[in-house]
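Here's the letter readout for the chains.
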Amino acid sequence: MDISASIQALAQSLEGLRTAVHSGSHDEAERLVENYDRDVRGLFAHPISPISIQEITRLLALQHAVMDEMCELRDTAARHLSSGRTSLRAAHAYLKAESLA
């Protein structure tokens, strides 16, 4: 097994995930996460050489960066949803107040 090639393929998978998430391709993102998880588990099912540790560290940094971006997008979406609910409640209150007048 060529660990360097496997790690490079995993890094490409993460870049694909990043692209899918930013483009809103949720089904594709889900598929990529499942494949990435399977491939990472497969990689670590074999002994890792000390030389590979640096490559794995870089992969892990990329994984954390993509996860941070996903969390940021999730938080932004949550803020938009909350804002939408607040606007909807305000509109309902306005309509109710108007009907009482």
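Fair warning: this is a prediction, and the values are worked out from it, not measured in the lab. (Residues numbered from 1 in each chain as written. Predicted model: local features only at pLDDT ≥ 70, side-chain atom pairs only at ≥ 80, totals over all residues. Heavy atoms only, no water.)

### With respect to the overall build of the protein
Argument step 1. Per the secondary structure count, the protein includes three helices and zero strands.
Argument step 2. Going from N to C terminus, the protein has its helices and strands arranged as α-α-α.
Argument step 3. In terms of C-alpha radius of gyration, the protein reaches 22 Å, well past the compact-globule figure of 13 Å for 101 residues.
Argument step 4. If one aligns the C-alpha atoms of the protein with their principal axes, the spans along those axes are about 75 × 20 × 20 Å. (Helix = DSSP H or I, 4+ residues; strand = E, 2+ residues; numbered from the N terminus. Rg over C-alpha atoms; globule rule 2.2 N^0.38 Å.)

### Digging into helix α1 (residues 3-23)
Argument step 1. For α1, spanning 21 residues, the distance from its first C-alpha to its last is 30 Å, which sits close to the expected 30 Å at 1.5 Å a residue.
Argument step 2. One side-chain oxygen of the residue at the start of α1 lies 3.3 Å from the amide nitrogen of Ser 4, identifying that residue as Asp 2.
Argument step 3. Looking one or two residues beyond α1, the residue adopting positive phi is Gly 24, at roughly 80 degrees. (Expected span 1.5 Å × (residues − 1). Polar contact = N/O pair within 3.5 Å; in protein donor to acceptor, adjacent residues only side chain to side chain.)

### Things to note about the packing of α1 against helix α2 (residues 26-43)
Argument step 1. Packing of α1 against α2 leaves a shortest axis separation of 9 Å and a crossing angle of 160 degrees. Judged by the angle between their axes, α1 and α2 are roughly antiparallel. Two packed elements cross with a definite hand, and for α1 against α2 that hand is left-handed. From α1, Ile 3, Ser 6, Ile 7, Leu 10, Ser 13, Leu 14, Gly 16, Leu 17, Ala 20 and Val 21 reach across to α2, where they touch Glu 28, Ala 29, Leu 32, Val 33, Tyr 36, Asp 39, Val 40 and Leu 43. (Axes fitted to C-alpha atoms, helices over the stretch in contact; angles between N-to-C directions. Parallel < 35°, antiparallel > 145°, perpendicular 65-115°, else oblique. Left-handed = near helix turned anticlockwise from the far one by under 90°. Contact = heavy atoms within 4.5 Å.)

### Observations regarding the nonpolar core
For soluble globular proteins, the rule of thumb is that nonpolar side chains tend to be buried together.
Argument step 1. By size, the foremost hydrophobic cluster in this structure holds 17 residues, and its most contacted members are Ile 7, Leu 10, Leu 14, Leu 17, Tyr 36 and Leu 59.
Argument step 2. Breaking this core down by element, the ones donating at least two residues are α1, α2 and α3 (52-100).
Argument step 3. No other element matches the eight residues that α1 contributes to this core.
Argument step 4. Look past the residues within four positions of Leu 59 in its chain and what remains in contact with it is Ile 7, Leu 10, Ala 11, Leu 14 and Tyr 36. (Core = buried A, V, L, I, M, F, W, Y, C linked by side-chain atoms within 4.5 Å. Buried < 20%, exposed > 50% of the residue type's maximum accessible area, 1.4 Å probe, protein only.)

### Remarks on the confidence of the model for the protein
Argument step 1. Of the residues in the protein, 95% reach a pLDDT of 70 or more, and the chain-wide mean stands at 87.
Argument step 2. Of all helices and strands in the protein, the one with the weakest mean pLDDT is α3 (83), whereas α2 scores best (94). (pLDDT = per-residue confidence, 0-100.)

### Quick look at the environment of Asp 75
Argument step 1. Along the chain, Asp 75 turns up in helix α3.
Argument step 2. Accessibility expressed as a relative area gives 31% for Asp 75, which makes it partly exposed.
Argument step 3. Each C-alpha atom of the pair Asp 75 and Val 33 lies 19 Å from the other, and the pair is 42 residues apart in sequence.
Argument step 4. Among the polar contacts made by the side chain of Asp 75, one reaches the side chain of Arg 74 at a distance of 2.9 Å.

### Examining the pattern of salt bridges
Argument step 1. In this structure the tally under the stated criterion is six salt bridges.
Argument step 2. Here Glu 28 makes a salt bridge to Arg 31, at a shortest N to O gap of 2.6 Å. Here the residue Glu 28 and the residue Arg 31 both occupy positions in helix α2, the gap between them amounting to three residues, near one helical turn.
Argument step 3. Here Arg 38 and Asp 39 are joined by a salt bridge, their closest N and O atoms 3.0 Å apart.
Argument step 4. Salt bridges linked by common partners bring Glu 15, Arg 18 and Glu 69 together as one network. (Salt bridge = Lys/Arg side-chain N within 4 Å of Asp/Glu carboxyl O.)

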